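# Results of the structural survey
Here are the chains, one letter per residue:
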Amino acid sequence: MNAFEAAEKNGRAGDLQKELEALFSRENKSPNRNATSIPASFLRVTVVPN
Amino acid sequence: MTSTNPNKALWEKGDFTRIAESMRESGEALVGGLGITKGLRILDLGCGDGTTALPAARLGADVLGVDIASNLVEAGNKRAKEQGLANCKFQEGDASNLHALKDHSFDLVVSIFGAMFAPKPFDVAKEMVRVTRPGGRIVMGNWIPNDPTLVAQILKISASYAPPPPEGFVSPMMWGVESNVVERFAAAGVANEAISFARDTYTFNFPARQQSSSTPSENITVQP
């Protein structure tokens, strides 16, 4: 069961939606108020097997 | 037909192509820095609908995309056909068991936020090494646990609403910890010196909204 399904089951889907909306707004770096541009860090791994 | 593989069922349940649309620019930029040349044999593991595979094929590589989800394989083949890329094929497969692929058959195995979501991480590392030719390369992009940026925060929020994972569950995010990566590839016979790390940034771009379209967070399918 994913988080949305679990939240719906517990009547908390709206809360989850709100939290995610707030996160997207906080992280949005787009200068265009109608667009969304959100950077996310990742670990880049390079392996050279023998 | 209902899938009996829970990981496959999970990925086929949502429509990841909606998120993938926001990843095209960063996908293309990342591929542009991989030194891809014409004829290079590339395997893209956990390829989705081709965010990495298609730009690699446009650079002239011979690309095979493998994904557990049949709907994403179908979407990838459709996109390749639409773009006239005969050198890019997609097929179903499990990153932890690539039995359909021969040993040492690829110059570059790439997996950007793909194989990290497969169960059995030690098997995943072993399979990636097995299908890479000696002297070839494996490049993974893995989200980082507890990072303050988007993806780790989505997972943190989601976890507070979801039931606890089953006992013995290994979080995909552990692929974002260097010591785990070293341990997994060491078990596949790779020396520490053959592994390098860099922190990088991927940007999700959602274009300006139409009145009737959904918000970015509504497009998120929260995976474990």
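Residues numbered from 1 in each chain as written. Chains lettered and ligands numbered in written order. Predicted model: local features only at pLDDT ≥ 70, side-chain atom pairs only at ≥ 80, totals over all residues.

### Some details on the overall build of chain B
Keep this limit in mind: Secondary structure follows DSSP: runs of H or I at least 4 residues long count as helices, runs of E at least 2 residues long count as strands, and numbering of each begins at the N terminus. Field definition: a residue is buried when 20 or more other C-beta atoms are found within 10 Å of its C-beta, exposed when 12 or fewer are, and partly exposed for counts in between, with C-beta atoms placed from the backbone. A pair of residues counts as a contact when their C-beta atoms, built from backbone coordinates, are separated by no more than 7 Å.
Along its length, chain B carries nine helices and six strands. Over its C-alpha atoms, taken along the principal directions, chain B stretches across nearly 50 × 45 × 40 Å. Counting over 224 residues, chain B shows a buried share of 42%. Within chain B, counting contacts between residues at least 6 apart in sequence, those at least 24 apart form 70% of the total.

### Some points on the interface of chain B and chain A
Convention followed: Amino acids outside the nonpolar list (Ala, Val, Leu, Ile, Met, Phe, Trp, Tyr, Cys, Pro) and the charged list (Asp, Glu, Lys, Arg) are all regarded as polar, and Gly is one of them.
Taken together, the contact pairs 49 residues of chain B with 33 residues of chain A. Of all the secondary-structure elements, those providing two or more residues to the side of chain B that touches chain A are strand 5 (132-143), helix 7 (150-159), helix 8 (178-187), strand 6 (195-206) and helix 9 (216-219) of chain B. If you tally residues by element for the side of chain B that touches chain A, the top one is strand 6 of chain B, at 12 residues. Considered class by class, the residues forming the side of chain B that touches chain A number 29 nonpolar, 15 polar and five charged.

### With respect to the packing of helix 2 (residues 13-27) of chain A against helix 7 of chain B
Geometrically, a packed helix pair is captured by the angle between its two axes and the distance between the axes. The line we're drawing: Only C-alpha atoms enter the line fits that serve as axes; for helices the fit covers just the stretch in contact. Angles between N-to-C directions range over 0 to 180 degrees. In what follows, roughly perpendicular refers to angles from 65 to 115 degrees, roughly parallel to angles under 35, roughly antiparallel to angles over 145, and oblique to any angle outside these ranges. Crossings are assigned a handedness: left-handed for a near helix turned anticlockwise from the far helix by less than a right angle, right-handed for a clockwise turn.
One can describe the packing of helix 2 of chain A onto helix 7 of chain B by two numbers: an axis separation of 10 Å at closest approach and a directional angle of 165 degrees. With respect to helix 7 of chain B, the element helix 2 of chain A is oriented roughly antiparallel. Two packed elements cross with a definite hand, and for helix 2 of chain A against helix 7 of chain B that hand is right-handed. Contact residues: Glu-19, Leu-20, Leu-23 and Glu-27 of chain A in helix 2 of chain A; Leu-150, Gln-153, Ile-154 and Ile-157 of chain B in helix 7 of chain B.

### Comments concerning the pairing of strand 3 (residues 88-92) of chain B
Each regular strand displays side chains that alternate between the two surfaces of the sheet. Selection rule: By definition, two strands form a pair when at least two bridges between them are found by DSSP.
One ladder, built from five bridges, connects strand 2 (residues 62-67) of chain B with strand 3 of chain B; its direction is parallel. Bridging from a neighbouring strand, Val-63 of chain B pairs with Cys-88 of chain B of strand 3 of chain B.

### Observations regarding the confidence of the model for chain A
Basically, it comes down to this: The quantity known as pLDDT measures the predictor's confidence residue by residue, on a range of 0 to 100.
For chain A, the average pLDDT comes to 92, and 98% of its residues sit at 70 or higher. Within chain A, strand 1 (residues 36-47) of chain A carries the highest mean pLDDT (97), whereas helix 1 (residues 3-9) of chain A carries the lowest (87).

### Remarks on the nonpolar core
Counted only if it meets this: The term nonpolar core refers to a set of buried Ala, Val, Leu, Ile, Met, Phe, Trp, Tyr and Cys residues connected through C-beta atoms within 7 Å.
Counting 71 residues, the largest nonpolar core has Val-109 and Met-128 of chain B as its most contacted members. When near neighbours in sequence (up to four residues on either side) are disregarded, Val-109 of chain B contacts Leu-43, Leu-45, Met-128, Val-131, Thr-132 and Ile-138 of chain B.

### Examining the sheet that holds strand 2 of chain B
Taken together, the seven strands give an open sheet; going across it, the order is 3(B)-2(B)-1(B)-4(B)-5(B)-1(A)-6(B), and neighbouring strands pair in mixed fashion. Only two strands of the sheet have a single partner each, and these edge strands are strand 3 and strand 6 of chain B. This sheet shows a mean twist of 20 degrees between the axes of neighbouring strands, independent of strand direction. As paired strands, strand 1 of chain A and strand 5 of chain B are joined by six bridges and run antiparallel to one another. From the neighbouring strand, Phe-42 of chain A faces strand 5 of chain B, where its bridge partner is Trp-143 of chain B. Each of strand 2 and strand 3 of chain B is contacted by helix 5 (residues 70-82) of chain B, which is oriented at about 170 degrees to strand 3 of chain B, the strand it contacts most.

### Describing the environment of Ala-152 of chain B
Residues and elements named next belong to chain B. Inspection of the secondary structure assignment puts Ala-152 in helix 7. Separated by 21 residues in sequence, Ala-152 and Met-173 place their C-alpha atoms 8.3 Å apart. Setting aside residues up to four positions removed in sequence, Ala-152 forms contacts with Trp-143, Ile-144, Pro-145, Asn-146 and Asp-147.

### Focus: the confidence of the model for chain B
Scored by pLDDT, chain B has a mean of 91; 92% of the residues are at 70 or more. Overall fold confidence (pTM) sits at 0.90, and the ipTM for the predicted complex is 0.90.

### Points about helix 6 (residues 121-131) of chain B
The buried fraction of helix 6 of chain B amounts to eight of the 11 residues, a majority that puts the element mostly inside the structure. Looking at helix 6 of chain B, one finds that the buried residues are Pro-121, Val-124, Ala-125, Lys-126, Glu-127, Met-128, Val-129 and Val-131 of chain B.

### Brief notes about the environment of Ala-188 of chain B
All names here are of chain B. With respect to the helices, strands and loops of the structure, Ala-188 is situated in the loop between helix 8 and strand 6. Here Ala-188 falls in the partly exposed class, since 18 other C-beta atoms lie within 10 Å of it. Remark: the alpha-carbon pair of Ala-188 and Glu-82, spanning 106 residues in sequence, is separated by 38 Å. Setting aside chain neighbours within four positions, we find Ala-188 in contact with Ala-125, Lys-126 and Val-129.

### A short note on the packing of helix 6 of chain B against helix 8 of chain B
All names here are of chain B. At a closest axis distance of 8 Å, the pairing of helix 6 and helix 8 adopts a crossing angle of 60 degrees. Between helix 6 and helix 8, the angle falls in the class oblique. Like other packed secondary-structure pairs, helix 6 and helix 8 cross with a definite hand, here right-handed. In this structure, helix 6 contributes Pro-121, Phe-122, Ala-125 and Val-129 to the contact, and helix 8 contributes Arg-184, Phe-185 and Ala-187. Partitioned by chemical class, the residues of the contact of helix 6 with helix 8 number six nonpolar, no polar and one charged.

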